[in-house]
Amino acid sequence: MLIWLGVIMLVLLLLGFPMMVPLAAGMLYMMFTGMTFFGPDQAVSWMINGVGSWVLAAVPMFIFAADILTKGHTANRLLDVVDVFTRHVRGGLPITTAASCALFGAVSGSTQATVVAMGGPMRPRLLAKGYSDDFTLGLIINASDIALLIPPSIGFIIYGVVMKTSIGDLFLAGILPGLLILAMFALYCYIYSRIKGIEAESKASWSERLRAIRRVILPMGFPVLVVGGIYGGFFSAVEASAVAVAYALILEVIIYRQVSIRDLWGLALSTGMITAVVFILVAIGAAFSQTLGTAGVPEKILGPLIDGIGDSQFLALLLIAASFFIGCMFVDPIVVILILVPIFKPLVQSTGLDPVHVGVIVTLQAAIGSATPPFGCDIFTAIAVFRRPYMDVVRGTPPFIAILVVATLVLILFPQISLLLPSLGGD
């Protein structure tokens, strides 16, 4: 029966149905074939409980803030400030792209918004400089995934809700790993540019740099407000998301005047559509996870592996990372988090792993999965934005995926990288 369950869900996925359809079909299959016993009323209850956490109210707020910033002038200001400090270095333009994606992630928390906001202006510049389209597209969609680690992060919010872990600690824990990955991407960009013989641009003057810094002071207030406000005890994660929206409105509507009042209706509608998709996935994913649990599927599939690990934290993290990496290659990362986190929660507790550190590893795999064939969501965002065929978009991703895998191993071996800032914040 497990084989048929997998076949049904895979066929529906390959036929192009949205992710919620295979999940619902799998749940119904288990219900009607007797793999588990529950009624429709129980399934609905699980769905309602899945979206019942108050913390999830932060998700539409951060999405709305990201939409406002993407429509407005913030992206260009972030690009400019990185460009004036890196363009004289060989590989400066792709380094600018990667760093700008990280900065935009710090004010939006959305990988797809980052692909749109940063990829649009940077791709023509990279192509004009002599970088191949394969490298350019691979860089944009993978560097955009740093947004999942730099707070605010929707991935961290979903994980924190399921694992019942502090959102503020998770936000802090993602900062150093995000900067580590940015440094690794920058090194690769430098090496790639040397190999291809692409020369650096002229060095910016200090007057240009100071002007760019002044222009970016207000946008960089976002991470200060979100992380500083939460840890300063001024507001919760949900309240921080509302403050982020208010700040985005003040910035783009009143100060920069790049977003009009008329634009807000369309932006709110877009946010509502995206939020609806996310919450439907969360609801059905939570119910599907409960269904798998009552049917004993996790024990049948992962039980022997988990039993063989014993109390080894290293092996436990490897199994968790590998499971999430493979899962996110085929299924939306939010769904994978909802399904697998409850399965691995007892293993995390029995081995004494820090759930915040595990959250960084899990969210990093979600970031990798967002840009990994065959079904990475950022791949399809890039296809829509840049109007390039699927194979053109994914051809340049392997080197960046390899870097992210190496980063995963480094974070597994050195958990202090993830836990340093939360430990300081908690003192």
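Residues numbered from 1 in each chain as written. Predicted model: local features only at pLDDT ≥ 70, side-chain atom pairs only at ≥ 80, totals over all residues. Heavy atoms only, no water.

Next up on the list: a nonpolar patch on the surface. On the surface, a nonpolar cluster with roughly 640 Å² of combined accessible area is contributed by Ile3, Trp4, Val7, Val11, Leu15 and Phe17. Counting through the fold element by element, Val11 comes out in helix α1 (residues 2-14). We classify Val11 as partly exposed; its relative accessible area is 41%. (Patch = residues over 30% accessible without salt bridge, like charges linked within 9 Å, V, L, I, M, F, W, Y side chains within 5 Å. Areas by Shrake-Rupley, 256 points an atom, 1.4 Å probe, with all protein chains shown as cover. Salt bridge = Lys/Arg side-chain N within 4 Å of Asp/Glu carboxyl O. Helix = DSSP H or I, 4+ residues; strand = E, 2+ residues; numbered from the N terminus. Buried < 20%, exposed > 50% of the residue type's maximum accessible area, 1.4 Å probe, protein only.)

To continue, consider the confidence of the model for the protein. Here the protein averages 85 in pLDDT, while 98% of its residues score no lower than 70. Averaged pLDDT values over the elements of the protein bottom out at 73 in helix α16 (residues 297-309) and peak at 94 in helix α22 (residues 398-413). (pLDDT = per-residue confidence, 0-100.)

Taken N-terminus to C-terminus, the directions of helix α17 (residues 313-330) and α22 make an angle of 155 degrees; their axes are 10 Å apart at the nearest point. The angle between α17 and α22 places the two elements in the roughly antiparallel class. Considering the relative orientation of α17 and α22, their crossing is right-handed. Residues Phe314, Leu317, Leu318, Ala321 and Phe325 of α17 pack against Ile401, Val405, Thr408, Leu409, Ile412 and Leu413 of α22. When grouped by side-chain class, the residues that make up the contact of α17 with α22 number 10 nonpolar, one polar and no charged. (Axes fitted to C-alpha atoms, helices over the stretch in contact; angles between N-to-C directions. Parallel < 35°, antiparallel > 145°, perpendicular 65-115°, else oblique. Left-handed = near helix turned anticlockwise from the far one by under 90°. Contact = heavy atoms within 4.5 Å. Nonpolar A, V, L, I, M, F, W, Y, C, P; charged D, E, K, R; others polar.)

Time to look at the nonpolar core. The biggest cluster of nonpolar side chains holds 140 residues, and the ones touching the most others in it are Phe104, Ile158, Phe185 and Phe324. The biggest single contributor to this core is helix α18 (residues 333-351), with 12 residues. Those residues in contact with Phe185, other than ones at most four positions away along the chain, are Ala98, Asn142, Ala143, Ile146, Phe400, Ile403 and Leu404. Ranked by size, the runner-up nonpolar core spans 10 residues in total, among them Val115, Ile140, Ile141 and Phe386. (Core = buried A, V, L, I, M, F, W, Y, C linked by side-chain atoms within 4.5 Å.)

The next thing to look at is the packing of aromatic side chains. For the coordinates displayed, the defined rule picks out 10 aromatic pairs. Seen from their ring centres, Phe135 and Tyr188 are 6.2 Å apart, and the 40 degrees between their planes marks the pair as tilted. Here the residue Phe135 occupies a position in helix α8 (residues 133-143), and Tyr188 occupies one in helix α11 (residues 175-196), the gap between them amounting to 53 residues. On the basis of relative accessibility, which here comes to 4%, the residue Phe135 falls in the buried class. Overall, the relative accessible area of 23% leaves Tyr188 in the partly exposed class. (Phe/Tyr/Trp six-rings, centres within 6.5 Å; stacked < 30°, edge-to-face > 60°.)

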